[in-house]
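Given next are the chains, with one letter for each unit.
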4 protein chains.
Amino acid sequence: MALMQLTIIPLGTETASVGEYVADIQQALEKANAHFQLNDMGTLIEGEAHELLNLVASLYELPFQRGARRVVTQIVMDDRRDKHVGIGDKIDAVRKRMKPQKASEL
Amino acid sequence: MALMQLTIIPLGTETASVGEYVADIQQALEKANAHFQLNDMGTLIEGEAHELLNLVASLYELPFQRGARRVVTQIVMDDRRDKHVGIGDKIDAVRKRMKPQKASEL
Amino acid sequence: MALMQLTIIPLGTETASVGEYVADIQQALEKANAHFQLNDMGTLIEGEAHELLNLVASLYELPFQRGARRVVTQIVMDDRRDKHVGIGDKIDAVRKRMKPQKASEL
Amino acid sequence: MALMQLTIIPLGTETASVGEYVADIQQALEKANAHFQLNDMGTLIEGEAHELLNLVASLYELPFQRGARRVVTQIVMDDRRDKHVGIGDKIDAVRKRMKPQKASEL
């Protein structure tokens, strides 16, 4: 099971805003029934690695279809085979480790 | 105003888990009264770029102090001078762009 | 035409070295007759975007086959539709822009 | 000793080219007598981590001074405390691991 962060950066666009490009990605992910979460730096998507790579391939042309002439696409895949990782799991793992120390601060 | 995503990856550690290392970073950010948000791929921090770079310098040694011999530290800074960007602003910008299309699907 | 940088980071391995994992990738790229160049932070590969994404899919399992239980795989794709980009082109573009300023320093 | 890869991506610029922005960085690194190497995806710089972070702080404003309103700056720091890492070292480490297998192909 893997978590992927997908970030797209269109270059040479009229404004410095990329919201429209990111909205295209979100809508495609909704249609694909993907399990995803938008954050301020990209979109987290959960799944098996080969499914996630196929998903990237299917989304890849969207920013060019909206008119971008150059796009930097960044993918970070965090894939564990020793345990399940899903959206929110790593945050939980960190919080568990913080509680004892917080308690000891009392 | 800038948004920074900070990700630390310790290598050659006994287990494949990095939660303890990330918890150190969270606790240091709390003590520094930083405006931050943990996600599954890293920590988002909001501030002026020079403040954020100073913050990175102050956090940088933490994973080594916990015993890591090799650490890959990744920083992505998204800095706009034409408008304010804070945690959550980009998500809002994307959602605004999605609403009209969603309505038209009805 | 696109340029891709591929970086693999295995976690929880016995040593902090990743050379063996990267060597697997290089050998697979040679066999695939890919146009690639290793640098200290990853491997640059040149091609059409869909070919490069297929290549990633075919390489993706290699670090797990060598025994890694967790791997962070990073892909940066820089894809231009307004002009050709190949390995070395961007370096040339920067050098051209540096020459006049250097001459004026005389 | 650490290796840092620095990548700058200006957004909302008139053309999709970033060569001028990268040339500014190269010239500043030359003046600073840094040990660096340009590749097609960014600039590799070698040094102690705190020196490299200071260098980033000193270069950080350059793209904005050239007129960019929004810049995505990416830093990847690979820092080992168990052995020396410099520009070219990791490439050598991979090549050493490839030789025996290549010989066996004969």
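Residues numbered from 1 in each chain as written. Chains lettered and ligands numbered in written order. Predicted model: local features only at pLDDT ≥ 70, side-chain atom pairs only at ≥ 80, totals over all residues.

Draft legend 1. Representation of the relation of the copies chain B and chain A within the structure. The operation relating chain B to chain A is a screw motion whose rotation component is 180 degrees, with 0.0 Å of axial translation and a residual RMSD of 0.0 Å. In the structure described here, the two chain copies are related by an operation that fits a two-fold rotation axis. Identified as the residue of chain B closest to the rotation axis by C-alpha distance is asparagine 39 of chain B, at 4.0 Å. Both copies present the same face, since 100% of the interface residues in chain B are matched by interface residues at the equivalent positions in chain A. (Least-squares fit on C-alpha atoms with pLDDT ≥ 70 in both. Contact = placed C-beta atoms within 7 Å.)

Draft legend 2. Quick look at the sheet that holds strand 1 (residues 2-11) of chain A. With antiparallel pairing, the eight strands of this open sheet are ordered in space as 2(A)-3(A)-1(A)-4(A)-4(C)-1(C)-3(C)-2(C). At either end of the open sheet lies a strand with only one pairing partner, and these are strand 2 (35-39) of chain A together with strand 2 (35-39) of chain C. Strand-to-strand twist in this sheet, taken as the mean axis angle between neighbours without regard to direction, amounts to 20 degrees. Helix 1 (residues 19-31) of chain A rests against strand 1, strand 2 and strand 3 (42-47) of chain A of the sheet, and its axis sits at about 145 degrees to strand 1 of chain A. (Pairing = 2+ DSSP bridges. Helix = DSSP H or I, 4+ residues; strand = E, 2+ residues; numbered from the N terminus. Axes fitted to C-alpha atoms, helices over the stretch in contact; angles between N-to-C directions.)

Draft legend 3. A look at the packing of helix 2 (residues 49-59) of chain A against helix 2 (residues 49-59) of chain C. Running from N to C, helix 2 of chain A and helix 2 of chain C cross one another at 175 degrees; their axes reach a closest spacing of 10 Å. The angle between the axes of helix 2 of chain A and helix 2 of chain C places the two elements in the roughly antiparallel class. Taken together, the residues of helix 2 of chain C that come into contact with helix 2 of chain A (itself represented by His50, Leu53, Val56 and Ala57 of chain A) are His50, Leu53, Val56 and Ala57 of chain C. Looking at the contact of helix 2 of chain A with helix 2 of chain C residue by residue, the classes come out as six nonpolar, two polar and no charged. (Parallel < 35°, antiparallel > 145°, perpendicular 65-115°, else oblique. Nonpolar A, V, L, I, M, F, W, Y, C, P; charged D, E, K, R; others polar.)

Draft legend 4. Summary view of the environment of glutamate 48 of chain B. Residues and elements named next belong to chain B. Tracing the sequence through the fold places glutamate 48 in the loop between strand 3 (42-47) and helix 2 (49-59). Between the alpha carbons of glutamate 48 and valine 85 there is a distance of 10 Å; along the sequence they are 37 residues apart. Residues contacting glutamate 48, with those up to four places away along its chain left out, are Met1 and Ala2.

Draft legend 5. Structural view of the interface of chain B and chain D. Across the contact, 21 residues belong to chain B and 21 residues belong to chain D. Only helix 2 and strand 4 (70-80) of chain B provide two or more residues apiece to the side of chain B that touches chain D. Residues of the side of chain B that touches chain D, tallied by class, amount to eleven nonpolar, three polar and seven charged. Pairing between strand 4 of chain B and strand 4 (residues 70-80) of chain D: eleven bridges, direction antiparallel. Looking at strand 4 of chain D, one finds that arginine 80 of chain B is bridged to arginine 70 of chain D.

Draft legend 6. Focus on helix 1 (residues 19-31) of chain B. Residue and element names in this part refer to chain B. Here helix 1 is 13 residues long and its end C-alpha atoms lie 18 Å apart, about the 18 Å a rise of 1.5 Å per residue gives. Listed as buried for helix 1 are Tyr21, Val22, Ala23, Asp24, Ile25 and Leu29. Where helix 1 terminates, the next one or two residues include asparagine 33, which has phi positive at roughly 55 degrees. (Expected span 1.5 Å × (residues − 1). Buried ≥ 20, exposed ≤ 12 C-beta atoms within 10 Å, placed from the backbone.)

Draft legend 7. Representation of helix 2 (residues 49-59) of chain D within the structure. Among the residues making up helix 2 of chain D, those that are buried are Ala49, Leu52, Leu53, Val56 and Leu59 of chain D. Looking down the long axis of helix 2 of chain D, one finds its buried residues gathered within 125 degrees of arc, a one-sided arrangement. Facing away from the buried side of helix 2 of chain D, by more than 90 degrees, are the exposed residues His50 and Ser58 of chain D. Looking at the packing, one finds that the buried side of helix 2 of chain D touches helix 2 of chain B together with strand 1 (2-11), helix 1 (19-31), strand 3 (42-47), helix 3 (62-65) and strand 4 of chain D. (Arc of directions from axis to C-beta.)

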